Amino acid sequence: MQQTTTVSGGETAPTQKVEVIFAPEQISIRLEELAAEIATHRFDGLLVVAVLKGSFVFAADLIRALHRVGLAPEVDFITLSSYRKSTTSSGQVEILRDLDLDVSGRNVLIVDDVLDSGRTLAFAKDLISARGARSVSTCVLLEKRTHRAVNVRADFRAFECPEVFVVGYGMDVAYRYRELPFVGRVVTD
Ligand code: IMP
Ligand code: MG
């Protein structure tokens, strides 16, 4: 059965129905597995780099799952932009806010929300490699299969995602829906 949630737009936006694609319980079970998988690689002095903004909820949950499996990563953030306000990629990736830390010699795990065209992840990977990281691994919440424009893969992935624009669990459309505890799709029909 298709589960939907009604999200009020308050005084400024219409009320919308959002169909649940990945439920909170499903996400949390999968994150424990993912953390255990990451832990088997025994990265020395792991540095987690969360790609903002979309990954902030995923990264927050993932680092606590990493803690539960005994890891103590350092965590930094980079803000990249490729999507702007629309739901299609502009093809250009820009650094809106850079890392604080020097990544040279570090084992870095890049954490992002969605792997779609691959441009964002490829950009982040190339940047961090070029700065002399010892190793660069990638971890995404969702992987879409079909729109890859560049050849990049996720070393760790929570879920394969249907080819729809998803929201919730940190991800937005025009700054909305980030607060939803599940990954879903805005129902327009
Ligand atoms: P890519 O560069 O095309 O791989 O796009 C990846 C970035 O676009 C991700 O980091 C997301 O922030 C964003 N993105 C791609 N698909 C979606 C979606 O369905 N919902 C929300 N954000 C998305
Ligand atoms: Mg993103």
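Please refer to the structure higher up on the page.
Residues numbered from 1 in each chain as written. Chains lettered and ligands numbered in written order. Predicted model: local features only at pLDDT ≥ 70, side-chain atom pairs only at ≥ 80, totals over all residues. Heavy atoms only, no water.

A. Just the pairing of strand E6 (residues 107-115), in detail. Buried residues dominate E6, accounting for eight of its nine residues. One ladder, built from four bridges, connects strand E3 (residues 47-52) with E6; its direction is parallel. Along E6, the bridge assignment pairs Leu47 with Val108. Between the parallel pair E6 and strand E7 (residues 135-144), the chain is carried across by helix H3 (residues 119-130), and the sense of this crossover is right-handed. (Buried < 20%, exposed > 50% of the residue type's maximum accessible area, 1.4 Å probe, protein only. Helix = DSSP H or I, 4+ residues; strand = E, 2+ residues; numbered from the N terminus. Pairing = 2+ DSSP bridges. Right-handed = clockwise from strand over helix to strand, strands pointing away.)

B. Layout of the pattern of salt bridges. Counted by the stated rule, this structure contains 14 salt bridges. Arg64 is the salt-bridge partner of Asp61, the closest N and O atoms lying 2.8 Å from each other. Taken together, the residues Asp61 and Arg64, both in helix H2 (residues 56-68) and three residues apart, mark about one turn of the helix. A salt bridge links Glu160 to Arg157; the shortest N-O distance between them is 3.6 Å. (Salt bridge = Lys/Arg side-chain N within 4 Å of Asp/Glu carboxyl O.)

C. A look at the sheet that holds strand E9 (residues 183-187). Spatially, E1-E2-E9 is the arrangement adopted by the three strands of the open sheet, whose pairing is antiparallel. Edge positions in the sheet fall to strand E1 (4-7) and E9, since each has one partner strand and no second. Each strand of the sheet is rotated relative to its neighbour by a mean of 35°, with strand direction disregarded. In this sheet, E9 lies alongside strand E2 (residues 16-22) in antiparallel orientation, the contact comprising five bridges. Its bridge partner being in E9, Val20 is matched across the sheet by Gly184. (Axes fitted to C-alpha atoms, helices over the stretch in contact; angles between N-to-C directions.)

D. Region of the structure containing helix H1 (residues 24-39). When the terminal C-alpha atoms of H1 are compared, their 23 Å separation across 16 residues agrees well with the 22 Å that a helix rising 1.5 Å per residue should span. Of the surrounding elements, those touching the buried residues of H1 are E2, H2, E6, E7, strand E8 (156-161) and E9. (Expected span 1.5 Å × (residues − 1). Contact = heavy atoms within 4.5 Å.)

E. Geometry of the sheet that holds E8. Reading across the sheet, the six strands line up as E5-E4-E3-E6-E7-E8 and stay open at both edges, with mixed pairing between neighbours. The open sheet has two edge strands, strand E5 (94-97) and E8, and neither has a second partner. Taken pair by pair, the neighbouring strands of this sheet meet at an average axis angle of 30°, ignoring direction. With six bridges connecting them, E3 and strand E4 (residues 74-81) associate as parallel partners. When the bridges of E4 are listed, Ala50 appears paired with Phe77.

F. Looking closely at H3. Spanning 12 residues, H3 covers 16 Å between terminal C-alpha atoms, matching the ideal 16 Å at 1.5 Å per step. Among the residues making up H3, those that are buried are Thr120, Leu121, Ala122, Ala124, Leu127 and Ile128. At its buried positions, H3 is contacted by E3, E4, E5, E6 and E7. In the segment just after H3, Gly132 is the residue with positive phi, at about 90°.

G. Main features of the state of the cysteines. Summed over all chains, the structure comprises zero disulfides. Left unpaired, Cys139 is separated from the closest cysteine sulfur, that of Cys161, by 15 Å. For Cys161, a relative accessible area of 5% gives the class buried. (Disulfide = S-S within 2.5 Å.)

H. Main features of the packing of aromatic side chains. What the rule picks out here adds up to one aromatic pair. Centroid distance Phe22 to Phe159: 4.2 Å. Interplanar angle 15°. Geometry classified as stacked. Placement of the pair is Phe22 in strand E2 and Phe159 in strand E8, with a sequence separation of 137 residues. What makes Phe22 buried here is its relative accessible area of 8%. The buried category is assigned to Phe159, whose relative accessible area is 9%. (Phe/Tyr/Trp six-rings, centres within 6.5 Å; stacked < 30°, edge-to-face > 60°.)

That's the geometry; what it means functionally is another story.
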